[in-house]
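# Topology and contacts: notes
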Amino acid sequence: MLYLNKHAIQQMDQQMIQTAVEQAYRLVLNKNYTMPDRMHVTDHQNTLLFMPCFSENFFAAKLVWVFPEARQHGQPAVNGLVVLSDAVSGHALAIMDGAAITAQRTGAVGGLAVKLLTPKTVTTAGVLGAGVQGLSQTRYLLFNRNIQTLYLYDLNQEAAKAMRRNIKQEFMDVDVVITDDPDQLVEASRVIIAAGMALFDLTAAAAIYQGALEKNIGQLLDG
Ligand SMILES: NC(=O)c1ccc[n+]([C@@H]2O[C@H](COP(=O)([O-])OP(=O)(O)OC[C@H]3O[C@@H](n4cnc5c(N)ncnc54)[C@H](O)[C@@H]3O)[C@@H](O)[C@H]2O)c1
């Protein structure tokens, strides 16, 4: 059985992951799967989510736990595991770091939205929130579009600086500008990604920049 840890998942080819996400959407459209509603178990502010799913060839179960206060202990807010098995023999094929898979998957969903909904000519973008998703969404944005200037806003300037370092390591030609003014970010950016812990009010953004792609990755616990 394969064990894919965070590092291995972070090294995966972005095109492969984005294509897999596209295929997953087709599977959903074709209704070619069996999946119950996500199960939630809560303990005070913490939540455990159980997400099993069968398809023709594989079945998987994803276990995710959301601990909003985890950052105070140096841990990400979202953690988990995914187990993938063969749907014919039942053989367990892989166990994976669920937080890393979730981060890549959600980033790739955003990347697909960027690919399908934004003009190929966009060169400016802004990211509100520089955590796990801020980085993942940005990696897939930069994978799909030739962004020259990327604006970053986070309540925590250190998070914004850490994300700028990460981005510059991989995409050295992108000019990454940290701002403490979200309105300036919205005005200067053709694509806006909201990746904070709260839902940002992007109505104001739309009013400021007609035609901007508004993409709020939203709350994991919604719905
Ligand atoms: N991590 C995932 O894989 C994942 C998947 C699906 C959805 N989500 C959702 O994405 C959102 C972000 O999750 P994350 O994992 O990136 O969290 P995170 O804790 O890693 O990062 C959140 C960042 O946003 C910043 N922030 C919070 N409120 C802000 C505000 N009002 N203005 C500016 N910055 C703000 C924080 O300082 C932090 O740096 C959450 O709503 C989460 O439920 C996350």
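These figures come from a predicted structure and were not determined experimentally.

## Things to note about the overall build of the protein
Helices and strands together make up the secondary structure of the protein, namely seven helices and twelve strands. For the protein, long-range pairs separated by at least 24 residues make up 57% of all intrachain contacts whose partners lie at least 6 apart in sequence.

## Concerning the packing of helix α2 (residues 14-29) against helix α3 (residues 98-117)
The geometry of α2 relative to α3 is characterised by a closest axis approach of 9 Å and an angle of 75° between their N-to-C directions. In terms of their interaxial angle, α2 and α3 are classed as roughly perpendicular. Packed against α2, whose contacting residues are I17, Q18, V21 and E22, the element α3 presents Q104, R105, A108, V109, G111 and L112 at the interface. A class-by-class count of the residues in the contact of α2 with α3 yields five nonpolar, three polar and two charged.

## Structural notes on unusual backbone geometry
A positive phi angle, close to 55°, is found at K31, a residue other than glycine. Note on placement: K31 falls in the loop between α2 and β2 (33-34). A positive phi angle, close to 55°, is found at H44, a residue other than glycine.

## Observations concerning the confidence of the model for the protein
Of the residues in the protein, 88% have a pLDDT of 70 or more, and the chain-wide mean is 89. Of the regions scoring below 50 in pLDDT, residues 218-223 engages in six contacts with residues more than four places distant in sequence or in other chains.

## As for helix α5 (residues 157-170)
Taking 1.5 Å of rise per residue, the 14 residues of α5 would be expected to cover 20 Å, and the 20 Å separating its terminal C-alpha atoms lies within 8% of that figure. Three or more residues of α5 are buried, namely A160, M163 and I167. The arc that holds the buried residues of α5, viewed along the axis, is 65°, so those residues lie on one side. Along α5, the residues that are exposed and aim more than 90 degrees away from the buried face are E158, R165 and Q169. Buried residues along α5 sit in contact with α4 (132-144), β9 (149-153) and β10 (175-178).

## Description of the environment of N156
By secondary structure assignment, the location of N156 is in the loop between β9 and α5. Judged by the 12 C-beta atoms lying within 10 Å of it, N156 falls in the exposed class. Separated by 25 residues in sequence, N156 and G131 have C-alpha atoms that sit 9.7 Å apart.

## Some details on the nonpolar core
For soluble globular proteins, nonpolar side chains are generally found buried alongside one another. Ranked by internal contacts, the top residues of the largest apolar core, which has 28 residues, are V127, L128, L141, L150, L152 and I193. Those elements that provide at least two residues to this core are α3, β8 (124-128), α4, β9, α5, α6 (182-188) and β11 (191-194). In terms of nonpolar packing, the next biggest core, distinct from the first, is built from ten residues, V64, V78, A100 and A103 among them.

## Topic: the pairing of β11
The two faces of β11 match: V191 and I193 on one face and I192 and A194 on the other face are all buried. Of the pairings in the sheet, the one linking β8 to β11 comprises four bridges and is parallel in character. If you follow G126 over to β11, its bridge partner there is I192.

## Some points on the pairing of strand β7 (residues 92-97)
Where strand β1 (residues 2-4) and β7 come together, three bridges link them in parallel fashion. Bridging from a neighbouring strand, L4 pairs with M96 of β7. Relative to β7, strand β6 (residues 78-86) is paired through five bridges, and the arrangement is antiparallel. Looking at β7, one finds that L84 is bridged to A94. Linking two consecutive strands that pair antiparallel, namely β6 and β7, is a turn of five residues; a positive phi of about 85° is found at G90 within it.

## Observations regarding the packing of α3 against α4
In the contact formed by α3 and α4, the axes pass within 8 Å of each other and the chain directions differ by 40°. The orientation of α3 relative to α4 falls into the category oblique. Handedness of the crossing formed by α3 with α4: right-handed. In contact with A103, Q104, T106, G107, A108, G110, G111, V114 and K115 of α3, α4 contributes V132, Q133, S136, Q137, R139, Y140, L141, F143 and N144. Classifying every residue of the contact of α3 with α4 gives seven nonpolar, nine polar and two charged.

The rules we used
Residues numbered from 1 in each chain as written. Predicted model: local features only at pLDDT ≥ 70, side-chain atom pairs only at ≥ 80, totals over all residues. Helix = DSSP H or I, 4+ residues; strand = E, 2+ residues; numbered from the N terminus. Contact = placed C-beta atoms within 7 Å. Axes fitted to C-alpha atoms, helices over the stretch in contact; angles between N-to-C directions. Parallel < 35°, antiparallel > 145°, perpendicular 65-115°, else oblique. Nonpolar A, V, L, I, M, F, W, Y, C, P; charged D, E, K, R; others polar. pLDDT = per-residue confidence, 0-100. Expected span 1.5 Å × (residues − 1). Buried ≥ 20, exposed ≤ 12 C-beta atoms within 10 Å, placed from the backbone. Arc of directions from axis to C-beta. Core = buried A, V, L, I, M, F, W, Y, C linked by C-beta atoms within 7 Å. Pairing = 2+ DSSP bridges. Left-handed = near helix turned anticlockwise from the far one by under 90°.

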